[in-house]
Amino acid sequence: MKIIRDNSILKENCYLVGTIGYFDGIHLGHKKILTKLVNEAKSKNGKSVLITFWPHPRTVLNQGESVNLLLSENDKHKNLKSFGVDILYIIEFTKEFSKLSALSFVREFLEKKIQISKLIIGYNHSFGHNREGNFGYLKKIQDKYSFEIEEVKKKEINNNLNISSSEIRKKISCGEMFEARRMLGYNYYIRGIVVKGDGIGKKMNFPTANIKIEDNMKLVPKDGVYAGKAIIENHEFKGMINIGFRPTLEGKLKRIEINIFDMTKDIYGKSLKIIFINRIRNEIKFDSLKKLELQLVNDKKEALKIIKNEEIRN
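This section reports on the structure supplied with the text. (Residues numbered from 1 in each chain as written. Predicted model: local features only at pLDDT ≥ 70, side-chain atom pairs only at ≥ 80, totals over all residues. Heavy atoms only, no water.)

### Side note on the overall build of the protein chain
So, step 1. The number of helices and strands found in the protein chain is 11 helices and 12 strands.
So, step 2. Overall, the C-alpha framework of the protein chain stretches about 75 × 40 × 35 Å when taken along its three principal axes.
So, step 3. Per-residue burial for the protein chain yields a buried fraction of 48% across its 314 residues.
So, step 4. Taking all contacts inside the protein chain whose residues are at least 6 apart in sequence as the whole, residues at least 24 apart take part in 73%.
So, step 5. Of the roughly 16100 Å² that the protein chain leaves accessible, carbon and sulfur atoms contribute 47%.
So, step 6. One way to put it: in the protein chain the 57 positive side-chain charges average out to a point 2 Å from where the 38 negative ones average out. (Helix = DSSP H or I, 4+ residues; strand = E, 2+ residues; numbered from the N terminus. Buried < 20%, exposed > 50% of the residue type's maximum accessible area, 1.4 Å probe, protein only. Contact = heavy atoms within 4.5 Å. Areas by Shrake-Rupley, 256 points an atom, 1.4 Å probe, with all protein chains shown as cover. Lys, Arg positive; Asp, Glu negative; His and termini not counted. Charge placed at Lys NZ, Arg CZ, Asp CG, Glu CD.)

This is the structure in structure tokens:
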């Protein structure tokens, strides 16, 4: 996949099929659009181009607001490449760019710089200053550009679910991982490096790997205990994850820890992919470490049951 970051003119000299959007999470709705995009390009012996933005527009338009992303930029690029997208055209989203009218965007980028032959656009996508551009707008100004347009209808995208990146963020922020999975089409995950902890979990026969998140913009699920998995050097392990302040230990700093079942080797400094399957419970303050240990025994049983049920479903 070719990645363009400098707003240069594409000189592909072939039929180019494009779509526009941030595509955070690459959820099931996005995949419907990407499938149509890639298949249409192949049918015309052309190339597919996804026109996207960096940073996330909301961080620029609402200064001071941070947007927790569902996918890191690197993971998003890997996903798009595996999906078959030929060209990723990344436009730097600035205050100045946000003032560009929909018509100016069509003329300057879609026609002049990218030179698309066909634009495929989702039913709810808007672009240009004040989000004035959408499929209806493009239909009205068809005499002002030369490419074809096609809308991906709501019923094609949503599949009876209200699928959007914003809705998925809400679900993950509430710890509703199964609901998030229904919209994403995969289990939500984070990546991190294993760092030194205080060793208290090991004393309770539940040693944990403390995780330092690789991408600070990545959305972390709601505090609590989760059933999940860890991918380490392409090997998959079952486990349970704790996110929070460890109230029994009077913790002051938020931590992400994973107790990896059947793991004996030293993994300090290793990179992990942590997959969330479903939430087990809230963080609870116990009167003693012994009571916490007894709860962890029950948590592990519940985690194994959740993981087994998920494996049966798949």
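### Overview of the pairing of strand E10 (residues 235-244)
So, step 1. Inspection of the sheet shows strand E9 (residues 224-232) paired to E10 by 9 bridges, in the antiparallel sense. If you follow Ala 227 over to E10, its bridge partner there is Met 240.
So, step 2. Hairpin connection of E9 to E10: 2 residues between the antiparallel strands, including Glu 233 at a positive phi of 50°.
So, step 3. Where E10 and strand E11 (residues 255-260) come together, 6 bridges link them in antiparallel fashion. From the neighbouring strand, Ile 243 faces E11, where its bridge partner is Ile 256. (Pairing = 2+ DSSP bridges.)

### Some remarks on helix H3 (residues 73-83)
So, step 1. Within H3, burial applies to Asp 75, Lys 76, His 77 and Leu 80.
So, step 2. Contacts from the buried residues of H3 go to strand E1 (2-4), helix H1 (28-43), strand E3 (47-54), strand E4 (87-92) and strand E7 (189-195).

### Notes on the pattern of salt bridges
Any two side chains of opposite charge can pair, on the condition that their charged atoms come close.
So, step 1. One pass over the structure, following the stated rule, counts 23 salt bridges.
So, step 2. Across the salt bridge formed by Arg 181 and Glu 310, the nearest N and O atoms sit 3.9 Å from each other. You can see Arg 181 sitting in helix H9 (residues 177-184) and its partner Glu 310 sitting in helix H11 (residues 289-313), a full 129 residues away along the chain.
So, step 3. Among the charged side chains, a network of salt bridges with common partners joins Lys 36, Glu 40, Lys 118, Glu 150 and Glu 156. (Salt bridge = Lys/Arg side-chain N within 4 Å of Asp/Glu carboxyl O.)

### Let's talk about the nonpolar core
So, step 1. Core analysis: the largest hydrophobic core is formed by 49 residues, its most contacted members being Tyr 188, Ile 258, Leu 272 and Phe 276.
So, step 2. The element that contributes the greatest number of residues to this core is H1, accounting for 5 residues.
So, step 3. Apart from the residues lying within four places of it in its own chain, the contact partners of Phe 276 are Met 177, Asn 187, Tyr 188, Tyr 189, Ile 190, Pro 221, Tyr 226, Ala 227, Ile 241 and Ile 243.
So, step 4. Ranked by size, the runner-up nonpolar core spans 31 residues in total, among them Ile 91, Leu 119, Phe 127 and Tyr 137. (Core = buried A, V, L, I, M, F, W, Y, C linked by side-chain atoms within 4.5 Å.)

### Re the sheet that holds E1
So, step 1. On the basis of which strands lie adjacent, the open sheet formed by 6 strands has the order E1-E4-E3-E2-E5-E6 and parallel pairing. Looking along the sheet, the strands with just one partner apiece sit at the ends: E1 and strand E6 (148-152). This sheet shows a mean twist of 25° between the axes of neighbouring strands, independent of strand direction.
So, step 2. Bridge count for E3 against E4 is 6 bridges, and the pairing is parallel. Within E4, the residue paired with Trp 54 across the bridge is Glu 92.
So, step 3. H3 rests against E1, E3 and E4 of the sheet, and its axis sits at about 150° to E4. (Axes fitted to C-alpha atoms, helices over the stretch in contact; angles between N-to-C directions.)

### Here we look at the side chain of Glu 310
So, step 1. Among the residues examined, Glu 310 registers a relative accessible area of 4% and is labelled buried.
So, step 2. Within polar-contact distance, the side chain of Glu 310 engages the side chain of Asn 187 at 2.5 Å.
So, step 3. Not counting residues within four places of it along the chain, the set of residues in contact with Glu 310 comprises Arg 181, Asn 187, Lys 229 and Ile 277. (Polar contact = N/O pair within 3.5 Å; in protein donor to acceptor, adjacent residues only side chain to side chain.)

### Section: H11
Residue pairs three or four apart in sequence face the same way in an α-helix, which turns once every 3.6 residues.
So, step 1. With 25 residues, H11 should cover 36 Å at 1.5 Å per step; its first-to-last C-alpha distance of 36 Å lies within 8% of that length.
So, step 2. Packing partners of the buried residues in H11 comprise H9, E9, E10 and strand E12 (271-281). (Expected span 1.5 Å × (residues − 1).)

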